[in-house]
Amino acid sequence: MVRGTVHLGNAVRMGAHTSLLGFNHTIADTTVEFFRQPLVSRGITIGDDVWIGSHVVVLDGVTVGNQTVLAAGAVVTKDVPDGAIVGGNPARFLRWRVEPAAVLEPVDVVAQQPSEVKNVASEAQIPTPTPTPTPTPTDDRAERLRDFGIQARAQATRILDRSWNPSLARFIDRPGAEPTVRAHCDAIEIAALLLNETPPQLSAEEHVTRLTSWQDPTTGAIPQLSSDGAQMMPPSTTGTVPSLGLDNFDPDAGYHVLSVGYALALLGEQLEWPLRLVTEASPAQLSAFLGELPWKDNAWHGGHCVDIIGTAIQWSQERGDTVPAGLRETLLGWMLTAVDPATGMWGSSNSQDGLLQVVNGFYRATRGTFAQWGLPVPCPEAVVDTVLRHSREPSIVEPQEQNACNILDIAHPLWLTRSHGYRSAEVRAVAEQLLDQALIRWVPEEGFGFRAPGSDSAETMPGLQGTEMWLSTIW
C-alpha cells in the first residue's frame, strides 16, 4: 500500500503487505477527534536498488538510501543510510549490504530524534574519524568481527561448492552426507547473507522451481528426499508423503514449511500450494492440539510445533489463503495464558536436561510467533533471568560442549528482550563470551561444524547447517 507523497527510485522491489505511508494525522487539538484534524505530509523517498521485504511499514518523513534492505516486518521510523540492512520494530541497523569505504562503528540509523534527522543518503554515513584510542577488548572484538566478515564472504562460494553433489545435482550438508531439503535451504540462506545472491550452482529460477516442486499440492507438506535426491512420490502413488494437518501432524514435514518458505522468501517467491495445517484447522482444534503437546517432558517439541503453526499462518496470509477466523488469536492467546510467569517460558525443567528443553522450546515457540509478528514476549524479565541461569550450565556453554542449536537458543531470547535493558551488563558479558568462542571455530574454506570439535560425532565436521546457524548467532 502506497499513500501520500512517495518517491521511488529505480529497481525498487517490495514484498507483500508492505505499507509506505507518506502522510500522518495531526492530534494537537484534543477537543477535536483526531480523524477530523488535518493531515500532514513530509513524504517518503526511496533510493535506487532497494529491497523492501514483506509486512514492512515505512512512516512519513523517512528517506531510504540506495542499495538498502528493509527486512521483513520492519517498522522504519528514521532515515536509512546507503547500503544498510535494517530490521525490527522500530527498525535497527543489522549490517551493511554495501559497506562504506571505512566503518568505525555501525551507524545507529534510528537513534536520532525527528528534529535531528538529516538526509543521510547524501551526507556522511559514518561517524567522523577520531584519533585512534588505546586498544581495548571491545575494539579488538570489532576488528576481529570485521576480519571474520571479510573472510566469510570471500570463502562463501567455495563453502557452497563443497556441499554440492554434482552427480545428484543436489545440496548435501557436508561431504559424504545424503541430500536433504534443509541443505538446499541452508545454502540459499548462506548465499543471501554472505554473497547477497543465490547459490551459483543453479539459477534463481531453477532454485525456485526445485523448492516449489517438492511441495505436495494436496496437503502442502514437503517430505524428506530419498538418498538419491529424488522427490518423494505423491501419496496416491506410494502413501509415503507425510500429512500436514493437526489430525496427523508430522513435525519433519512441518519443519520444511519453515525452511523452504524462508528460502523462497529470500528469492522473492512463496510456497505454491495452501497449507492444510492451518487452512483446515479450527480454533477449537488448535487449542486442543496445543494443550496435548508434551510441554512437561519435551518443551522443545512443543515449541517446534508452535513455530511450524505460526509460520504456516504467516505464509498462508501472505499467499492470500483463507485462514479460519480467530486461528492466529487462538495461538497467541493460548501462549499468553499458558506461559509460566516464573520463567517467562513454556514447559518444565527436569533433572536430566535442566532448563535445556524449556529454553530451546522458547526459541522455537517465539520465533514463529512473537518474533515473526513483531510482538512483545510476555514476562521479558523472567525470560532474561531464566536464560542467564541456563547460560551458567557447564554442559551447555563450556567450549567443548557447545553446539549451534543450544547457543543460538541462548542468543535469541536475550536479543528478543534487549530493549528492556534488564540485567544488560550480564547479558552483554554472556553474549561477548559466546561470540568470542564462536569466531575461533571457523574452519577456512569449510565453515562451521554444528558441534564443537573434540568428539567423534560427524556433527563436528563443518557443514551447511552448522555454518548457517553459527552465522545467525554471530550476526
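Scroll up to find the structure.
Here goes a summary of the coordinates provided.

### Side note on a nonpolar patch on the surface
A grouping of V2, L8 and M14 is seen on the molecular surface, where their side chains present a nonpolar patch of about 250 Å² in accessible area. As for its position among the elements, V2 is in strand β1 (residues 2–4). Overall, the relative accessible area of 47% leaves V2 in the partly exposed class.

### A look at the packing of aromatic side chains
Considering all chains together, one arrives at 11 aromatic pairs under this definition. Consider the rings of Y262 and W315, whose centres lie 5.1 Å apart with planes at 75°: the pair is edge-to-face. With Y262 in helix α5 (residues 251–266) and W315 in helix α8 (residues 299–319), the pair connects residues that are 53 residues apart, well separated along the chain. Its relative accessible area of 24% is what places Y262 among the partly exposed residues.

### A word on the sheet that holds strand β4 (residues 19–22)
Taken together, four strands build an open sheet; the order of strands is β1-β4-β9-β12 and the sheet is parallel. Either end of the sheet is taken by a strand with one partner, and the two such strands are β1 and β12 (75–76). Judged from the two bridges that link them, strand β9 (residues 57–58) and β12 form a sheet pairing that is parallel. Residue pairing for β12: V58 is matched across the bridge by V76.

### Things to note about helix α9 (residues 327–338)
The end-to-end C-alpha distance of α9, which contains 12 residues, comes to 16 Å, matching closely the 16 Å that a straight helix rising 1.5 Å per residue would cover. Taken residue by residue, α9 has L327, T330, L331, L332, W334 and M335 as its buried positions. On its buried face, α9 sits against α6 (276–279), α7 (283–292), α8 and α10 (356–371).

The rules behind these values
- Residues numbered from 1 in each chain as written.
- Predicted model: local features only at pLDDT ≥ 70, side-chain atom pairs only at ≥ 80, totals over all residues.
- Heavy atoms only, no water.
- Patch = residues over 30% accessible without salt bridge, like charges linked within 9 Å, V, L, I, M, F, W, Y side chains within 5 Å.
- Areas by Shrake-Rupley, 256 points an atom, 1.4 Å probe, with all protein chains shown as cover.
- Salt bridge = Lys/Arg side-chain N within 4 Å of Asp/Glu carboxyl O.
- Helix = DSSP H or I, 4+ residues; strand = E, 2+ residues; numbered from the N terminus.
- Buried < 20%, exposed > 50% of the residue type's maximum accessible area, 1.4 Å probe, protein only.
- Phe/Tyr/Trp six-rings, centres within 6.5 Å; stacked < 30°, edge-to-face > 60°.
- Pairing = 2+ DSSP bridges.
- Expected span 1.5 Å × (residues − 1).
- Contact = heavy atoms within 4.5 Å.

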